[in-house]
Amino acid sequence: MPSAVKEGHVETNGKKAHQTGTLERGLAVLEHVGMRQEISTNAIATQLGLSRSAVYRIVHTLKELEYLEADHVTGRVRLGARLVELGVQAMASTDLHKAAPQFLSGLATRSGETIFLAVPDGDAMVYVAKDRGANAVTLHCQLGTRRPQHASSLGKAWLSALTAAERADRVSRMRLDRLTPNTIVDRPLLLDELERTAKRGWAIDNIENEPDVGCVAAPIRDRTGQPVAAMSIAGPAGRVLLRMDELGPMVADAATTLSRRLGHLP
């Protein structure tokens, strides 16, 4: 839900704070930047209904504290390194973060490739853990990196675990940017792919997010049955995609076992 600042209160994620203090406005700016991924300071002011001078002061302070960072070419701001650190620290206190490492390690050993764990954030997935197998190549994905859900196996795996109605609603509101020639940018086609993914139990990134990289992924559910994360096997497309009939069930089995550890009983 977009953050909004209205006269007399700040509204963030549907919660109202009845004083428009600096803290409330700063949090509203952070949440808005997080949902937009990259945005200009002027656009923040317009969309939140704040004065440009106030937003410039807030953004300047948040950049000084490394909660925001600016693109050196466009000047648009995005979430900064300090927020990534806080996010990883928050994950450290959750059952998922405690239980996942042994599953990532086992999957890395069996597959020989790079294993990622990611959690949803808006229309993106954020990498929160990884492990590397014996044959893993270096991938340009660091912890805290965001990947759009429609163009990644992690995102499609997470979306596939939602109900059909929830999937349709989210896809209808998504921005479907084309990242490679293979990226699915047609909404009906994406929904068809998510339906096939749900039936199969694991998702495929057929060079849809970045050139020459292929991935398979499966969703991780909590005790309520809701998808809370996804786990992937990633590597050179020519290697991973040729093995997807082996690697897909492998990641699905690991994700199912981890879900049981979190209390999910299918």
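### As for the packing of aromatic side chains
In step 1: Tallying each qualifying case throughout the model produces one aromatic pair.
In step 2: Over the face of the ring belonging to Trp202 we find Arg200, whose NZ or CZ atom lies 4.8 Å from the ring centre.

### Some points on the pairing of strand β6 (residues 114-121)
Consecutive side chains along a regular strand alternate between the two faces of the sheet.
In step 1: With six of eight residues buried, β6 lies mostly within the body of the structure.
In step 2: Examined bridge by bridge, β6 and strand β7 (residues 124-132) share eight bridges and lie antiparallel to one another. Each residue of the ladder has a partner; that of Val119, found in β7, is Val126.
In step 3: Hairpin geometry of β6 and β7 is characterised by an intervening segment of two residues between the two adjacent antiparallel strands and by a positive phi of about 65° at Gly122.
In step 4: Pairing geometry for β6 and strand β11 (residues 227-236), over five bridges, is antiparallel.

### Topic: the side chain of Asp205
In step 1: Take Asp205: it is sitting in strand β9 (residues 203-206).
In step 2: Buried charge without a partner: Asp205 forms no salt bridge, and the closest opposite charge is Lys156, 6.0 Å away.
In step 3: Once you skip the residues sitting within four places of it in the chain, Asp205 turns out to touch Ala151, Ser152, Ser153, Val213, Gly214, Cys215 and Leu241.

### A closer look at the pattern of salt bridges
In step 1: Following the criterion strictly, the structure yields 16 salt bridges and no others.
In step 2: A salt bridge links Glu69 to Arg78, with the shortest nitrogen-to-oxygen separation between them at 2.8 Å.
In step 3: With a shortest N-O distance of 3.0 Å, Arg175 and Asp177 are connected by a salt bridge.
In step 4: Classification of Asp177 as partly exposed rests on a relative accessible area of 32%.
In step 5: Three or more residues joined by partner-sharing salt bridges are found here, namely Glu38, Glu69, Asp71 and Arg78.

### Notes on the environment of Leu242
In step 1: Turning to its location among the elements, Leu242 is positioned in the loop between α9 (237-240) and α10 (244-261).
In step 2: Sequence separation between Leu242 and Gly214 is 28 residues; the distance between their C-alpha atoms is 9.5 Å.

### A closer look at the environment of Gly75
In step 1: Checked against the element boundaries, Gly75 lands in the loop between β4 (68-70) and β5 (77-79).
In step 2: Sequence spacing of Gly75 and Thr41 is 34 residues, and the spatial spacing of their C-alpha atoms is 8.6 Å.

### Things to note about the nonpolar core
In step 1: In this structure, Leu117, Ile220 and Met231 are the most contacted members of the largest nonpolar core, which totals 32 residues.
In step 2: Elements with a contribution of two residues or more to this core: α5 (95-111), β6, β7, β10 (213-221), β11, α9 and α10.
In step 3: Counting residues in hydrophobic clusters, the runner-up holds 21 residues, among them Ala157, Trp158, Val171 and Ile184.

### Observations regarding α10
In step 1: Between its first and last C-alpha atoms α10 spans 25 Å; for 18 residues at 1.5 Å apiece the expected length is 26 Å, and the two agree.
In step 2: When we look at burial in α10, the residues that qualify are Leu247, Gly248, Met250, Val251, Ala252, Ala254, Ala255, Leu258 and Ser259.
In step 3: If you follow the buried residues of α10, they end up packed against α5, β10, β11 and α9.
In step 4: A positive backbone phi angle near 105° is found at Gly263, which sits one or two residues after α10.

### Observations regarding the confidence of the model for the chain
In step 1: Of all residues in the chain, 88% attain a pLDDT of 70 or more, and the chain-wide mean is 84.
In step 2: Segment residues 1-19 is flagged for pLDDT under 50; beyond a separation of four residues in sequence, or across chains, it makes 45 contacts in the model.

### Brief notes about the pairing of β9
In step 1: Where β9 lies against β10, four bridges are found, and the strand directions are antiparallel. Across the sheet, residue Asn206 finds its bridge partner in β10, namely Gly214.
In step 2: Taken together, β9 and the strand that follows it, β10, pair antiparallel across an intervening segment of six residues, in which Ile207 is found at a positive phi of about 55°.

### Considerations on the sheet that holds β11
Across a sheet, strands are paired by hydrogen bonds formed along the backbone, either parallel or antiparallel in direction.
In step 1: Ordered by their spatial adjacency, six strands build an open sheet running β8-β7-β6-β11-β10-β9, and the pairing between neighbours is antiparallel. Here the strands that pair on one side only, and so sit at the sheet edges, are β8 (146-148) and β9. Along the sheet, successive strands turn relative to each other by an average axial angle of 30°, direction set aside.
In step 2: Lying over the sheet, α5 contacts β6, β7, β10 and β11, oriented at roughly 145° with respect to β6.
In step 3: Against the sheet, α10 engages β9, β10 and β11, with an angle of about 25° to β10.

About the criteria used
- Residues numbered from 1 in each chain as written.
- Predicted model: local features only at pLDDT ≥ 70, side-chain atom pairs only at ≥ 80, totals over all residues.
- Heavy atoms only, no water.
- Phe/Tyr/Trp six-rings, centres within 6.5 Å; stacked < 30°, edge-to-face > 60°.
- Lys NZ or Arg CZ within 6 Å of the ring centre and 35° of its normal.
- Buried < 20%, exposed > 50% of the residue type's maximum accessible area, 1.4 Å probe, protein only.
- Helix = DSSP H or I, 4+ residues; strand = E, 2+ residues; numbered from the N terminus.
- Pairing = 2+ DSSP bridges.
- Lys, Arg positive; Asp, Glu negative; His and termini not counted.
- Salt bridge = Lys/Arg side-chain N within 4 Å of Asp/Glu carboxyl O.
- Contact = heavy atoms within 4.5 Å.
- Core = buried A, V, L, I, M, F, W, Y, C linked by side-chain atoms within 4.5 Å.
- Expected span 1.5 Å × (residues − 1).
- pLDDT = per-residue confidence, 0-100.
- Axes fitted to C-alpha atoms, helices over the stretch in contact; angles between N-to-C directions.

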